Amino acid sequence: MKDRRTELAENLAKVEDRIAAACAAAGRKREEVTLIVVTKTYPASDVRILSELGVRHVAENKDQDAGPKAAECADLPLTWHFVGQLQTNKVRSVVRYADVVQSVDRPKLVTALSKEAVRAGREVGCLVQVALDAEESGRGDRGGVGSGAIEELAGLVADSPGLRLDGLMTVAPLTGEFAGREQAAFERLMVLSTVLRRAHPAANMVSAGMSADLEQAVAAGATHVRVGTAVLGVRPRLG
Ligand SMILES: *Cc1c(COP(=O)(O)O)cnc(C)c1O
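What you are looking at is a predicted structure, and each value in this text was computed from that prediction instead of being measured.

The rules behind the values
- Residues numbered from 1 in each chain as written.
- Predicted model: local features only at pLDDT ≥ 70, side-chain atom pairs only at ≥ 80, totals over all residues.
- Heavy atoms only, no water.
- Near = heavy atom within 4 Å.
- Polar contact = N/O pair within 3.5 Å; in protein donor to acceptor, adjacent residues only side chain to side chain.
- Areas by Shrake-Rupley, 256 points an atom, 1.4 Å probe, with all protein chains shown as cover.
- Nonpolar A, V, L, I, M, F, W, Y, C, P; charged D, E, K, R; others polar.
- Core = buried A, V, L, I, M, F, W, Y, C linked by side-chain atoms within 4.5 Å.
- Buried < 20%, exposed > 50% of the residue type's maximum accessible area, 1.4 Å probe, protein only.
- Contact = heavy atoms within 4.5 Å.
- Helix = DSSP H or I, 4+ residues; strand = E, 2+ residues; numbered from the N terminus.
- Salt bridge = Lys/Arg side-chain N within 4 Å of Asp/Glu carboxyl O.

Trainee: What is the right way to look at the site of the ligand in this model?
Mentor: Taken together, the neighbourhood of the ligand is formed by Val38, Lys40, Val83, Met210, Ser211, Arg226, Val227, Gly228, Thr229 and Arg235. Side-chain polar atom of Arg226 to a nitrogen atom of the ligand: 2.8 Å apart, as the coordinates give it. One of the backbone nitrogen or oxygen atoms of Gly228 is found 2.8 Å away from an oxygen atom of the ligand. In the complex, 88% of the free accessible area of the ligand, which totals 390 Å², lies under the protein chains. Of the residues in the shell around the ligand, the class split is four nonpolar, three polar and three charged.

Trainee: In this structure, what is going on with the nonpolar core? I would like to understand it.
Mentor: Nonpolar side chains in soluble globular proteins tend to end up buried together. Counting 69 residues, the largest nonpolar core has Val101, Leu113, Val225 and Val231 as its most contacted members. Beyond its immediate chain neighbours, meaning those up to four positions away, Leu113 contacts Leu86, Val91, Val95, Val101, Val104, Cys126 and Leu163. Within the second largest apolar cluster, nine residues are counted, among which are Ala59, Val83, Val171 and Met205.

Trainee: I keep staring at the side chain of Asp166 and nothing clicks. Help me out?
Mentor: Take Asp166: it is sitting in strand S6 (residues 163-170). You can call Asp166 buried: its relative accessible area is 10%.

Trainee: Could you clarify how one ought to interpret unusual backbone geometry in this entry?
Mentor: Leave glycine aside and you will find that most residues have negative phi; peptide bonds, for their part, are mostly trans. The phi torsion at Thr41 lies on the positive side, around 75°, for a residue other than glycine. Following the sequence through the fold, Thr41 ends up in the loop between strand S1 (34-38) and helix H2 (44-52). Given the relative accessible area of 16%, Thr41 is considered buried.

Trainee: Whenever I open this one, the pattern of salt bridges confuses me. Can you help?
Mentor: Any two side chains of opposite charge can pair if their charged atoms end up close together. In the structure shown here, the tally under the stated rule is 15 salt bridges. Across the salt bridge formed by Arg4 and Glu7, the nearest N and O atoms sit 3.4 Å from each other. Residue Arg4 and its partner Glu7 are located together in helix H1 (residues 4-26), separated by three residues, close to a single helical turn. The residue Asp75 makes a salt bridge to Arg48 at a minimum N-O spacing of 2.9 Å. Within this pair, whereas Asp75 is found in the loop between helix H3 (63-72) and strand S3 (79-82), its partner Arg48 is found in helix H2, the two being separated by 27 residues in sequence.

Shown next, in the form of structure tokens:
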């Protein structure tokens with residue numbers, strides 16, 4: 001049987017080839033796109049191997065798994081992203097290890113993140129999660145806010161001590177007008193990002209695309225892709 005290191009190295013090389021090809025096809029430089037490996041449900045030992053293989057960004061979606069894993073991997077030169085729906089009672093824990101929270105979707109969460117970031121003496125990057133299947137003023141099934149709520153939430157982040165407004169994140173919607181139209185969805189996110197950057201020029205992160213649709217995200221202009229299964233394998237349980 002292939003050892004885990006060889007398996008991860010091969011998968012990583014395939015994903016790297018896909019990103020490079022997508023950049024070339026879109027006329028973008030490879031450096032414009034950052035790979036975030038989503039390590040949720042996989043052990044700290046995998047995170048360690050990925051770090052040795054050159055991965056610099058990892059993402060998790062559940063604090064109870066991520067907290068111990070990040071603690072075990074505290075010696076590694078990694079940037080930790082939190083991408084799951086986040087309850088305010090988990091914020092104190094998440095702020096200990098998360099460099100970026102990509103799933104900011106309500107004012108109460110911003111207030112809690114700010115308070116705990118200040119208490120911990122840390123600066124936490126924040127992405128507003130956009131639900132492209134929600135009404136302008138609504139909320140998405142998989143988290144996120146409708147486009148009408150971005151400006152207010154972004155302003156709140158920008159004005160909150162301990163927080164840094166980094167940009168926008170989305171997950172391709174399964175329902176609504178963008179269902180099955182990933183590239184159109186990601187292009188819509190880019191338009192929303194352009195609008196956001198008029199008021200917040202530094203908030204230029206656009207996090208979009210996963211294992212199945214990273215090419216469409218790169219084509220649309222994403223700066224960050226979040227890839228789990230294509231690197232680590234099919235997850236043993238839902239996460
Ligand atoms: C799990 C997850 C990913 C990675 O999905 P894959 O299909 O495994 O690549 C990306 N983004 C978010 C928010 C996730 O929860």
